[in-house]
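# Results of the structural survey
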Amino acid sequence: MKDIQDKGIMTRIIHSGQHPDPATGAVSTPIYQSSTFAFRDADHGAACFGGAPGYKYTRLGNPTIEALESNIAALEHGCGALGAASGMAAVNMVYLTFLGQGTHIVATESLYGPSRMILENEYPRFGVASTFVDSSDPQKVADAMCDDTKLVYIETPANPTLILTDIAACAEIAHARGALLVVDNTFGSPYLQNPLELGADIVLHSMTKFINGHTDVVAGIVVAKDPEVLARLRKVHYNMGGTMDPHQAWLVLRGVKSLGLRMERAQENTMQLAAFLEKHPKVSWIRYPGLESHPQHELMRRQMRGGGAVFSFGVVGGIEAGKTVINNVQIATLAVSLGGIETLIEHPASMTHAGIPAQERLAAHITDDLVRVAVGCETYADLEADLARVLDMI
Ligand code: LCS
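Residues numbered from 1 in each chain as written. Predicted model: local features only at pLDDT ≥ 70, side-chain atom pairs only at ≥ 80, totals over all residues. Heavy atoms only, no water.

### Concerning the domain arrangement of the chain
Put simply, the rule reads: How far each domain reaches was decided by an automatic or database domain assignment. Residue contacts are defined here by distance: any two heavy atoms, one from each residue, within 4.5 Å place the two residues in contact. Accessible area that two parts lose when put together, with a 1.4 Å probe and added across both, is what the buried area reports. The working definition used for a salt bridge is a side-chain nitrogen of Lys or Arg within 4 Å of a carboxyl oxygen of Asp or Glu.
For the chain, the assigned domains are domain 1 (9-256) and domain 2 (259-391). Counting residues at the interface gives 43 residues for domain 1 and 42 residues for domain 2. Between domain 1 and domain 2, a total of about 3500 Å² is buried, with carbon and sulfur atoms accounting for 61% of that surface. Looking at the side of domain 1 facing domain 2, the largest losses of area belong to Leu 164, Leu 192 and Phe 210, adding up to 21% of the total buried there. For the pair domain 1 and domain 2, the interface holds 2 salt bridges.

Here it is in structure tokens:
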């Protein structure tokens, strides 16, 4: 394994956890598409199941999946990572490992819809209580803590509001009460934000988004800072069954190699587009952490290396005018998801966050007029012309 932890981020993205295949010298990690692995003899099999190094069964470890896990663990400065079948499998891995009868979680109010909905609709069956707070105010997180709180779970930047949470402040609050801090870093990606470096204990990603970046895979990952936390997660994950598939891992490995290049380009497009829309007379508001007008722009500069490639905005005329925008764009595609090479536009209140009751959605600043844009890597002038044309239709 190359020793590259002190190298630049582009180098680390491309090389971390990667090595020529020991059997063939293949430079691209081969897809070890096998569900099981032969043992040399009975003693070897028993030793592997007893904890000796060696592959046993793909749900319990696979070289292709491990190459991806090593890569993301290194990029997030963690001790190890666990690949998951989807972002939601990653979220559930964390909830299932640390929550149970009589426990409590404090979470950001504006979470990706299902991350919040399962806490509200499913986990109460297992005796888990949840409190959702405006985590952009750390005092509200502190006030929600109780003796049973095991997890503080934040999403920053949050989907779809682009509201930020101070990671270092939440780490202090969680640790003072013996809880772990979990950060969903999907919107930042390891290129822009490293929560474990700021005091978080666990970071997770929907790799469906920026890490894979090509809109062709659904996948997730959990990274832990501490080996004990990783061991607890692994024990639950391997037996709950939400593991990755080797081919899926290989696609994400191919995608992540260009994370830095894609992020730079998409972020540059986003910055220009946000600046253009901010001055547009048909735009009633815009929220993008890269703009100085974002109320937490200073926090963005403190804990991120850029504002990312997603923004939300409202147009004069509300939801009906918003529909004119999303129905008539030609370069952007009307679809949920984000973090791909192409620009996507969607309406969270009726799509990604429709499962959250209207009153709670509004309290979390997910207003009915909010249109979310995930900016891709197209030629900037085409993106601007596309939005300018549809805004003129209002
Ligand atoms: N966390 C965040 C912040 C997300 O945005 C998503 C998916 C997930 C977790 C779950 O990941 P998945 O299981 O889909 O890989 N967000 C979506 C969105 O905004 N539109 O479509 C999916």
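### Notes on the packing of aromatic side chains
Rules: Each aromatic pair joins two rings of Phe, Tyr and Trp (for Trp, the six-membered one) with centres within 6.5 Å, and gets the label stacked for planes under 30 degrees apart, edge-to-face for over 60, and tilted for any other angle. Numbering of helices and strands runs from the N terminus, with a helix taken as a DSSP run of H or I at least four residues long and a strand as a DSSP run of E at least two residues long. Only protein chains enter the accessibility calculation, which uses a 1.4 Å probe; a residue whose area is less than 20% of its type maximum is buried, one above 50% is exposed, and one in between is partly exposed.
Throughout the structure, instances matching the rule amount to 6 aromatic pairs. Measuring from centroid to centroid gives 5.5 Å for Phe 37 and Tyr 55, while their planes differ by 40 degrees, and the two rings are tilted. Of the two residues, Phe 37 sits in the loop between helix 1 (9-15) and helix 2 (42-49) while Tyr 55 sits in the loop between helix 2 and helix 3 (63-75), which places them 18 residues apart along the sequence. For Phe 37, a relative accessible area of 16% corresponds to the buried category. Summarising the aromatic geometry, the rings of Tyr 123 and Phe 126 are spaced 6.1 Å apart at their centres and angled 70 degrees between planes, so their arrangement reads as edge-to-face.

### Comments concerning unusual backbone geometry
The omega torsion across Thr 156 and Pro 157 is -10 degrees, close enough to zero to call that bond cis. The residue Pro 157 is located in the loop between strand 4 (149-155) and helix 7 (167-176) in this model. Put simply, Asn 159 and Pro 160 share a cis peptide bond, and its omega is 0 degrees. Non-glycine residue Ser 189 carries a positive phi angle of around 70 degrees. For Ser 189, the location among the structural elements is in helix 8 (residues 189-192). For Ser 189, a relative accessible area of 1% gives the class buried. Here the phi dihedral of Ser 337 falls at roughly 85 degrees; this positive angle occurs in a residue that is not glycine.

### Description of the sheet that holds strand 8 (residues 283-287)
To be explicit about the condition: Here, strands pair whenever DSSP counts at least two bridges between them. Only the contacting stretch of a helix is used when fitting its axis, a line to C-alpha atoms as for every element, and angles between N-to-C directions run 0 to 180 degrees.
Pairing is mixed in the open sheet, where 5 strands are placed in the order 8-9-12-11-10. One side of each edge strand has no neighbouring strand; the edge strands of this open sheet are strand 8 and strand 10 (333-334). Of the strand pairs in this sheet, strand 11 (residues 344-346) and strand 12 (residues 371-374) are connected by 3 bridges, and their pairing is antiparallel. Paired with Ile 345 across the bridge in strand 12 is Val 373. Docked against the sheet, helix 13 (residues 318-328) engages strand 9 (310-315), strand 10, strand 11 and strand 12, running at close to 125 degrees with respect to strand 9.

### A few points about the site of the ligand
Here is the rule: Being near a molecule or strand, for a residue, comes down to having at least one heavy atom within 4 Å of it. Any N or O atom pair separated by 3.5 Å or less is treated as a polar contact, with the protein-specific requirement of one donor-capable and one acceptor-capable atom, and with residues adjacent in sequence counted only for side-chain atom pairs. Using a 1.4 Å probe, accessible areas were evaluated by the Shrake-Rupley method; residue-level cover was limited to the displayed protein chains. Ten residues, namely Ala, Val, Leu, Ile, Met, Phe, Trp, Tyr, Cys and Pro, are considered nonpolar, four, namely Asp, Glu, Lys and Arg, are considered charged, and the remaining ones, Gly among them, are considered polar.
Close to the ligand lie 19 residues; Asp 184, Ser 206, Thr 208, Ser 337 and Arg 372 are nearest. Here an oxygen atom of the ligand and a backbone polar atom of Gly 87 are 2.9 Å apart. In the model, an oxygen atom of the ligand is placed 2.6 Å from a nitrogen or oxygen of the Thr 208 side chain. Within the complex, 93% of the 480 Å² of free accessible area of the ligand lies under protein. In terms of residue class, the shell around the ligand is built from 7 nonpolar, 8 polar and 4 charged.

### A look at the nonpolar core
As a reminder, the rule being used: Each nonpolar core is a collection of buried residues, namely Ala, Val, Leu, Ile, Met, Phe, Trp, Tyr and Cys, held together in the definition by side-chain atoms within 4.5 Å.
Leu 68, Ile 72, Leu 181, Met 207, Met 244 and Val 252 are the most contacted members of the largest nonpolar core, which has 55 residues in total. Of all the elements, helix 3 adds the most residues to this core, at 6 residues. Two domains each put at least three residues into this core: domain 1 (9-256) and domain 2 (259-391). Ignoring anything within four residues of it in the chain, the contact list for Val 252 reads Leu 68, Met 207, Ile 211, Asn 212, Val 217, Ala 219 and Met 244. With 30 residues, the next largest nonpolar core counts Ala 84, Met 93, Ile 118 and Val 222 among its residues.

### Overview of the side chain of Gln 296
One can find Gln 296 in the loop between strand 8 and helix 12 (297-303). For Gln 296, a relative accessible area of 13% gives the class buried. At a separation of 2.6 Å, a polar atom in the side chain of Gln 296 contacts the main-chain carbonyl oxygen of Leu 164. In this structure Gln 296 touches Ser 136, Ile 163, Leu 164 and Thr 165, once residues within four positions along its chain are discounted.

### Notes on the packing of helix 3 against helix 10 (residues 246-256)
When two helices pack together, their arrangement is given by the angle between the helix axes and by the axis-to-axis distance. To be explicit about the condition: Should an angle lie under 35 degrees it is considered roughly parallel, over 145 roughly antiparallel, and from 65 to 115 roughly perpendicular; all remaining angles are considered oblique. By definition, turning the near helix anticlockwise from the far helix through less than a right angle yields a left-handed crossing, and turning it clockwise yields a right-handed one.
With their axes 8 Å apart at the nearest point, helix 3 and helix 10 run at an angle of 40 degrees to one another. Relative to helix 10, helix 3 is oriented oblique. Pair helix 3 / helix 10 crosses with left-handed handedness. Between helix 3 and helix 10, the residues in contact are Thr 64, Ile 65, Ala 67, Leu 68, Asn 71, Ile 72 and Leu 75 and Pro 246, Ala 249, Trp 250, Val 252, Leu 253 and Val 256, respectively. Considered class by class, the residues forming the contact of helix 3 with helix 10 number 11 nonpolar, 2 polar and no charged.

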